Amino acid sequence: MYIQLSILAGLLCTTLAWAQPQQTEMKELFAKYDQIIEGKKDVKALDVFTKKFVDEAGGEKSLTEGWDKTKKVVYDLSIKPSRSNKDLAYIQRVPAGSKQKAHSSFIVVKEQGQWRIEGTIEDE
Amino acid sequence: MKKALILLIMAQALTVSAKDCAHCVTTPTWLSIFNPFSLPAVPAPEPLIEIRTPTLARDSGASYCRRNTEVVDTIVFHHTQTPSTSTVQNINTLHLDRGSAADPWLMIGYHYTINSPYAGGTVPSPVVNQGRPFNLAGSHAGTNAYKPAGAETRRLMALDGAMRCGRATGPLTEASDKFRDGLVKANYNTVAIALIGNYAKRTTENPGGWRANSPRYPSASTIEMAGKLACELQRQHPRLTTIKWHSFYNATDCPGLVKDRIPQIKAVAARFGCTFN
């Protein structure tokens, strides 16, 4: 019985170990994203977005410049992993504590081992 | 003389019945014999465009609704908000991740996608792919979106068999949510066409949108393709006479500046004999 409990505990720890870094990485990713919007120069577009997304946007400069000045908002992140692809997830952001519904989700994918924003997809 | 005339009529009847084109509608030989004034075969119009039918994965545990296609009277335009290089398979994968494990989506929520070069872009010509089959209700306008519909649509929708829903593993039963306060559920009487791309303005929640002073419209070739698709669908489903867009049904930026090009899409359809409200 102790062996069975140990095996179960090991499996549970493995699952949590896989899930926990993903949440931390998402928070870090979107903190960098907010820095890009704020115009901070020490964050590069390729630190946040996939190469495909940067190329389609017209290059790094087009993504790091020209953002409208907005009030700094603290967001609640809702993270939804893909059911079929462990390197794909969806993030919805709403102002912290609000009951607003997000109209679209960020698509995040793993590119060379790092989570990056691939774009967004409209929600129904 | 009379015998010669009879023989002549019979010979004509046999000739009329010969099928020498794939799309011809002809009168059966036996009928032609009794109708010396049979009209020559009239070829049916060639399809306006090619609609590709890729194999798309489905979630066999998902619920879906099979509908009487006559209830469909409205085309709804969307943009996917994804990069324009996304494929219909990419969108299908993204939509399969919608919902929950207990209540997943069947497959892509749109019925047709048009891969869509941006105006001024250099990608290949637009291509139309079928997504969700026309006889299945889509997932695109909003689960809680209800709108007024015409009397005939309401009559058809009220009939038993108009909308049968369930899962593949069980029986389909008539949907109980077809109407709400006299309004019709939008996903039920509409067909969704999605332009693959991002035509909304850039915001913090839509970083792939167009920047201020550089609005992004669909290319002329995409508008042409959208108009032809709309007309082709009307030819197949004559009750399809209205064109709307996603933000008509829901508070959303979708379909961005595609909405501004709806009049041009209707104009293209009109060139091929199709009229839309």
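In the block above lies the structure referred to throughout.
The following paragraphs examine the structure supplied in this document. Along every chain, residues carry numbers that run from 1 in the direction the sequence is written. All chains are assigned letters beginning at A, and all ligands numbers beginning at 1, according to the order in which they are written. Residue-level local features of this predicted model are given only where pLDDT is at least 70; pairs of side-chain atoms are given and counted only at 80 or more, and the full residue set underlies all totals for whole chains, interfaces and linings. In computing side-chain values, all of the structure's heavy atoms are included and hydrogens and water are not.

### Details of the nonpolar core
One broad rule of soluble globular proteins: the nonpolar side chains tend to lie buried together.
Now for step 1: Counting residues in each nonpolar core, the largest one holds 43 residues, and the members touching the most others are I75, F77 and M163 of chain B.
Now for step 2: At the level of secondary structure, the elements contributing two or more residues to this core comprise β5 (74–79), β6 (112–115), α4 (151–158), β9 (163–167), β13 (190–196), α5 (220–236), β14 (242–245) and α6 (262–271) of chain B.
Now for step 3: Starting at the N terminus, helices and strands are each numbered in turn, a helix being any DSSP run of H or I of at least four residues and a strand any DSSP run of E of at least two. If one sorts the elements of this core by residue count, α5 of chain B sits on top with seven residues.
Now for step 4: Look past the residues within four positions of I75 of chain B in its chain and what remains in contact with it is V191, I193, A230, L233, L240, T242, I243, K244 and F276 of chain B.
Now for step 5: In terms of nonpolar packing, the next biggest core, distinct from the first, is built from 20 residues, L29, Y33, F53 and I117 of chain A among them. The definition of a nonpolar core used throughout is a set of buried Ala, Val, Leu, Ile, Met, Phe, Trp, Tyr and Cys residues joined through side-chain atoms within 4.5 Å. The classification of residues rests on relative accessible area computed with a 1.4 Å probe and restricted to protein chains. Under 20% of the type maximum is buried, over 50% is exposed, and intermediate values are partly exposed. In what follows, residue pairs with any heavy atoms lying within 4.5 Å of each other are defined as contacts.

### Quick notes on the state of the cysteines
All names here are of chain B.
Now for step 1: Here, a disulfide means two cysteine sulfur atoms that sit within 2.5 Å of each other. By the definition in use, this model includes two disulfides over all chains.
Now for step 2: Linked covalently through their sulfurs, C65 and C165 form a disulfide whose S-S length is 1.9 Å. The chirality of the disulfide connecting C65 with C165 is right-handed, given an S-S dihedral of about 105°. Taken as a pair, C65 in strand β4 (residues 63–67) and C165 in strand β9 lie far apart in primary sequence, 100 residues in all.
Now for step 3: Overall, the relative accessible area of 15% leaves C165 in the buried class.
Now for step 4: A sulfur-sulfur distance of 1.9 Å marks the disulfide that ties C231 to C274. Between C231 and C274, the disulfide has an S-S torsion of 65° and is therefore right-handed. You can see C231 sitting in helix α5 and its partner C274 sitting in the segment after α6, a full 43 residues away along the chain.
Now for step 5: According to the relative accessible area criterion, C231 is buried, its value standing at 0%.

### Here we look at α6 of chain B
Residues and elements named next belong to chain B.
Now for step 1: Among the residues making up α6, those that are buried are I262, I265, V268 and A269. On an axial view of α6, the arc spanned by its buried residues comes to 115°, and they lie on one face. Those residues of α6 that are exposed and angled more than 90 degrees off the buried face are P263 and R271.
Now for step 2: Residues of α6 that are buried make contact with β5, α5 and β14.
Now for step 3: G273, located one to two residues past α6, shows a positive phi value of around 90°. Along the arc lie the directions from the helix axis toward the C-beta atoms.

### Some remarks on the interface of chain A and chain B
Now for step 1: Facing the 31 residues of chain A at the interface are 42 residues of chain B.
Now for step 2: When two parts are brought into contact, each loses some accessible area as probed by a 1.4 Å sphere; the total of that loss over both is the buried area. At the boundary of chain A with chain B, total buried surface from both sides reaches about 2800 Å², with 45% on carbon and sulfur atoms.
Now for step 3: When a carboxyl oxygen of Asp or Glu is within 4 Å of a side-chain nitrogen of Lys or Arg, the pair counts as a salt bridge. Taken together, the connections running from chain A to chain B amount to one salt bridge.
Now for step 4: As used in this structure description, the phrase polar contact means that two N or O atoms lie within 3.5 Å; if the pair is within protein, one of them must be able to donate a hydrogen and the other to accept it, and residues adjacent in sequence are counted only when both atoms belong to side chains. For the pair chain A and chain B, the interface holds 19 residue pairs in polar contact (both at pLDDT 80 or more).
Now for step 5: For the side of chain A that touches chain B, the secondary-structure elements that each account for two or more residues are α1 (2–37), α2 (51–57), α3 (60–64), β1 (75–81), β2 (88–95), β3 (104–111) and β4 (114–122) of chain A.
Now for step 6: In terms of residue class, the side of chain A that touches chain B is built from 12 nonpolar, eight polar and 11 charged. Residues are grouped as follows: nonpolar covers Ala, Val, Leu, Ile, Met, Phe, Trp, Tyr, Cys and Pro; charged covers Asp, Glu, Lys and Arg; every other residue, Gly included, is treated as polar.

As far as function goes, none of this settles anything; it's purely spatial.
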